[in-house]
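Listed below are the residues making up each chain.
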Amino acid sequence: MNDVRMGVLGCAGRMGRALLHEISGTEGATIAGGIERSGHETIGQDLGAQAGLGGLDIAVGDDLRALMAASDVVLDFTAPMVTVAAAALAAETGTALIAGTTGIEAEDEARITAAGEKTVIVRAANFCVGVNLLQQLTRQVAAVLDPDFDIEVVEIHHRHKVDAPSGTALALGIAAAEGRGVVHDEVTERGRDGITGARARGAIGYASLRGGNVAGEHSVIFAADNERIELTHKAGDRSIFARGGVRAALWARGRAPGRYSMLDVLGFGDT
Ligand code: NAD
């Protein structure tokens, strides 16, 4: 079968460059092109060279429609309005879209979902395969263990991170609540300090550590009397997101139109 032709939106960004590296090292995938926002300094430069790869003989462009026409799948890790527009155009052209941009409001998410009626869209706030696996394992373990097992989500990130708990930590807590069949927001214990009282039975607790340049580590701890289960993921750098994005792009070709998640890509779709 022919290689999957992959186009990169925001090709000079941190994720864009990581994606170009990942595509170039992936069997069955070919770089179809890359675009940047109009006026960006890299437009007209060699797509590979600007990403620190060898020359590709493809110039960085700024025409999304042309990129869609040249690609089987477009990978988009840019900004909310860009991704919403890309989803609408993907619906028109039938090009598959891997949409990784974060911070998209609910009503814009609904527009992306609508575009998924016409083409394949894989949408995830975290494309890392390991984190998605951790989420799924957390849901399964929480479904088996009763509330004698206290659930705590612990995360550590670099000193510059401004929000806590991390979005991924919250996703893990939500997965635990789903597995246990409880409403997440009704059972969480966050920001413990001082005389907090004893831990509530069935609570899902959070703890956030900050320091150094840690890319991101998450643990879900299930603690009962005399035993403890800990599920942990440790991230190195952003190449893990690019790897998952390219895996999703390989998976997307030939699918029926729909809005899919990374769990679908990993084969956990209906759980
Ligand atoms: P970045 O700022 O380094 O890169 C974004 C790029 O998009 C820039 O080069 C910018 O010029 C370009 N861009 C903006 N408007 C454009 C347009 N109209 N057309 C083409 N290109 C345009 O940011 P980043 O660190 O690469 O992150 C980008 C997004 O991806 C953020 O929302 C981030 O949170 C998200 N992200 C998601 C995951 C995931 O797994 N889902 C992982 C990492 C980052």
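What to know about the side chain of S219
Part 1 of the argument: Here S219 shows up in strand β9 (residues 217-224).
Part 2 of the argument: What makes S219 buried here is its relative accessible area of 14%.
Part 3 of the argument: Here the side chain of S219 touches T232 through a polar contact of 2.7 Å, side chain to side chain.
Part 4 of the argument: Each residue touching S219, except ones within four places of it in the same chain, is listed here: E152, V153, V154, L231 and T232.

Some thoughts on the site of the ligand
Part 1 of the argument: Close to the ligand lie 22 residues, the nearest being R14, M15, E36, T102 and F127.
Part 2 of the argument: G13 has a polar backbone atom sitting 3.2 Å from an oxygen atom of the ligand.
Part 3 of the argument: Between R14 and the ligand, the recorded distance is 2.9 Å, taken from a backbone N or O atom to an oxygen atom.
Part 4 of the argument: Contact with the protein chains removes 77% of the 860 Å² of surface that the ligand exposes when unbound.
Part 5 of the argument: For the shell around the ligand, the residue count by class is 10 nonpolar, 8 polar and 4 charged.

Examining the domain arrangement of the protein chain
Size of an interface: often given as the accessible area lost when the parts come together.
Part 1 of the argument: We note that the domain assignment places domain 1 (4-123 + 238-265) and domain 2 (129-235) within the protein chain.
Part 2 of the argument: Just the C-alpha atoms count here: the centres of domain 1 and domain 2 sit 31 Å apart.
Part 3 of the argument: With 5 residues of domain 1 at the contact, the number on the domain 2 side is 6 residues.
Part 4 of the argument: When the two sides are added together, the surface that domain 1 and domain 2 hide from each other amounts to roughly 450 Å², 72% of it contributed by carbon and sulfur.
Part 5 of the argument: Contact with domain 2 buries surface across domain 1, with I240, M262 and L263 losing the most and accounting together for 82% of the total.
Part 6 of the argument: Inspection of the domain 1/domain 2 interface yields 0 salt bridges.
Part 7 of the argument: The interface formed by domain 1 and domain 2 includes 0 residue pairs in polar contact (both at pLDDT 80 or more).
Part 8 of the argument: Listing elements by their share of the side of domain 1 that touches domain 2, those giving two or more residues are α9 (239-252) and α10 (262-265).

Observations concerning the nonpolar core
Part 1 of the argument: Judged by nonpolar contacts, the single largest core of 32 residues is most densely connected at M6, L19, I23, I98, V122 and F127.
Part 2 of the argument: Of all the elements in the fold, those that place two or more residues in this core are β1 (4-9), α1 (14-24), β2 (29-35), β3 (73-76), β4 (96-99), β5 (120-123), α9 and α10.
Part 3 of the argument: Ignoring anything within four residues of it in the chain, the contact list for V122 reads L97, I98, A99, F127, A248, W251, Y260, S261, M262 and V265.

Section: the pattern of salt bridges
Part 1 of the argument: With the rule as written, the count across this model stands at 14 salt bridges.
Part 2 of the argument: One salt bridge in this structure joins R123 and E109, with 2.9 Å as the shortest N-O distance. Residue R123 is found in strand β5, and its partner E109 is found in helix α5 (residues 106-115); the two are separated by 14 residues along the sequence.
Part 3 of the argument: Judged by relative accessible area, R123 falls into the buried class, the value being 9%.
Part 4 of the argument: Taking the relative accessible area as the measure of exposure, E109 reaches 18% and is therefore buried.
Part 5 of the argument: Between E189 and R192 there is a salt bridge, and its shortest N-O distance comes to 3.0 Å.
Part 6 of the argument: The class for E189 is buried, based on a relative accessible area of 17%.
Part 7 of the argument: Beyond isolated ion pairs, a larger network of salt bridges with shared partners links D150, E152, E189, R192 and R199.

Calculation notes
Residues numbered from 1 in each chain as written. Predicted model: local features only at pLDDT ≥ 70, side-chain atom pairs only at ≥ 80, totals over all residues. Heavy atoms only, no water. Helix = DSSP H or I, 4+ residues; strand = E, 2+ residues; numbered from the N terminus. Buried < 20%, exposed > 50% of the residue type's maximum accessible area, 1.4 Å probe, protein only. Polar contact = N/O pair within 3.5 Å; in protein donor to acceptor, adjacent residues only side chain to side chain. Contact = heavy atoms within 4.5 Å. Near = heavy atom within 4 Å. Areas by Shrake-Rupley, 256 points an atom, 1.4 Å probe, with all protein chains shown as cover. Nonpolar A, V, L, I, M, F, W, Y, C, P; charged D, E, K, R; others polar. Domains from an automatic or database assignment. Buried area = accessible area lost by both parts, 1.4 Å probe. Salt bridge = Lys/Arg side-chain N within 4 Å of Asp/Glu carboxyl O. Core = buried A, V, L, I, M, F, W, Y, C linked by side-chain atoms within 4.5 Å.

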